[in-house]
Amino acid sequence: MTRSEETLSEGMSALVTGGSRGLGLLIAGQLAGRGCEVTILARDSEELGRAMGWIRRRTGRTVRAVVCDVRDEGAVTAAVDEAAAAQGGLDVVIANAGVIQVAPAETAGSRAFHDAMATIFDGTLYTCLAALPHLRRSPHGGRLGLIGSVGALVSPPHLVPYSCAKAAVRALGEGLQAETAGSAVSVTTVHPGLMRTGSHLQAEFGGRAEEEYAWFSALSGTPVLSMDAERAAEKVVQAVERRRTRAVLTPAARLASMAHGVAPAATTRATGLAARALPHRGTTTPTPCARATPSSPPAPPGAEPSTKPAEP
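Residues numbered from 1 in each chain as written. Predicted model: local features only at pLDDT ≥ 70, side-chain atom pairs only at ≥ 80, totals over all residues. Heavy atoms only, no water.

**Student:** Would you explain the packing of helix α3 (residues 73–87) against helix α4 (residues 105–136) in this entry?
**Tutor:** Each pair of packed helices can be described by the angle between their axes along with the distance between the axes. Between α3 and α4, the shortest axis-to-axis distance is 9 Å and the interhelical angle comes to 30 degrees. Taken together, α3 and α4 sit at an angle that is classed as roughly parallel. Where α3 crosses over α4, the handedness of that crossing is right-handed. When α3 is examined against α4, the residues E73, V76, T77, V80, D81 and A84 are found in contact with a partner set consisting of Y126, T127, L129, A130, A131 and H134. (Axes fitted to C-alpha atoms, helices over the stretch in contact; angles between N-to-C directions. Helix = DSSP H or I, 4+ residues; strand = E, 2+ residues; numbered from the N terminus. Parallel < 35°, antiparallel > 145°, perpendicular 65-115°, else oblique. Left-handed = near helix turned anticlockwise from the far one by under 90°. Contact = heavy atoms within 4.5 Å.)

Below is the structure:
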């Protein structure tokens, strides 16, 4: 079977992990708006319920929701198989689930690295392995999308666990794309830059948590450096639809990627200078990262995409 170049359309079957909030919710909304039958996966049943309501109000379509912890390979396989059985197969799968820890690496400790790898990389890997057999059987030619990050291309300070996990996702996407070359399945890895999704409301902070929260929330909401979340979701879906191998979103992310490719040593030195402006680690004893408590509570998940937490 050769790859179809047809656009995503009415009746195609899609699945999105991390689909209850943030970028994942908006991606699911984009797919539902194009007429796809969509299943969203997430850990929180209440968030899933609110997400279903938001998509229904936005698109007039009902999506399926499955409670699933992507760190559990058996649960992921069962959820993917269930979605394929309910929807008559799978044509599009987007692995989006993730976490963010914001702290110096020494302060975050090894646990933060293991947690990031478990959700971001393992979750993506389990989703890909479970989805590929179904995507190979798609009459439209399956489309697999992996959500990376600019952090996979240039590792910023105080986000090292996140960047390590996203770098592994980048390698996975590139490897799977090579291995599926010549088949009916395409693999697209999308690397967003900062997005105005309210990611700071769900991120975990360590060390001088209040100071870490202050810089991260300010940077992620800066219009010049960040992308509107709705626009980012649209770009993700377009890249997967067009079967692009790789897409880097936001001019700042593309510039950082290009600079690192041309002058990696100079780029690393520049990030070192940026690190000096960030909060000092304060302690060499690893401390668990935890969510910050903002001065005003965020809107309920699924209420407004612009305030929805998601990864940068």
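Additional details are given in the paragraphs that follow.
**Student:** Hey, could you run me through the environment of G206 in this one?
**Tutor:** Mapped onto the elements, G206 comes out in the loop between β9 (204–205) and α6 (209–220). Residue G206 is classed as buried on the basis of its relative accessible area, which comes to 3%. (Buried < 20%, exposed > 50% of the residue type's maximum accessible area, 1.4 Å probe, protein only.)

**Student:** How should I be thinking about the pairing of strand β2 (residues 37–42) in this particular structure?
**Tutor:** Most of β2 sits inside the fold, with five of its six residues counted as buried. By the bridge criterion, five bridges tie strand β1 (residues 13–17) to β2 in an arrangement that is parallel. Its bridge partner being in β2, T17 is matched across the sheet by L41. The parallel pair β1 and β2, bridged by helix α1 (residues 22–33), forms a crossover whose chirality is right-handed. Sheet topology note: the β2/strand β3 (residues 64–67) ladder contains four bridges and is parallel. Looking at the pairing, L41 lines up with V66 of β3. Taken together, β2, helix α2 (residues 45–59) and β3 form a β-α-β motif whose crossover is right-handed. (Pairing = 2+ DSSP bridges. Right-handed = clockwise from strand over helix to strand, strands pointing away.)

**Student:** I tried to follow unusual backbone geometry on my own but got confused; where do I start?
**Tutor:** Most of the time, phi is negative for any residue but glycine, and the peptide bond is trans. One non-glycine residue, H158, adopts positive backbone phi at about 70 degrees. Summarising the element assignment, H158 is placed in the loop between β6 (143–147) and α5 (160–179). The exposure class assigned to H158 is buried, which follows from its relative accessible area of 9%.

**Student:** What is the right way to look at the side chain of S186 in this model?
**Tutor:** Along the chain, the position of S186 falls in strand β7 (residues 186–191). Engagement of the side chain of S186 in a polar contact is seen with the side chain of R243, the distance being 2.8 Å. (Polar contact = N/O pair within 3.5 Å; in protein donor to acceptor, adjacent residues only side chain to side chain.)

**Student:** Whenever I open this one, the packing of α1 against helix α7 (residues 229–241) confuses me. Can you help?
**Tutor:** At their nearest, the axes of α1 and α7 sit 9 Å apart, and the two run at 60 degrees to each other. Compared by their axis directions, α1 and α7 come out oblique. You can see that α1 and α7 cross each other, and the crossing is right-handed. Here L23, L26, I27, Q30 and L31 of α1 come into contact with α7, specifically with A229, E230, A232, A233, E234, V236 and V237. Split by residue class, the contact of α1 with α7 holds nine nonpolar, one polar and two charged. (Nonpolar A, V, L, I, M, F, W, Y, C, P; charged D, E, K, R; others polar.)

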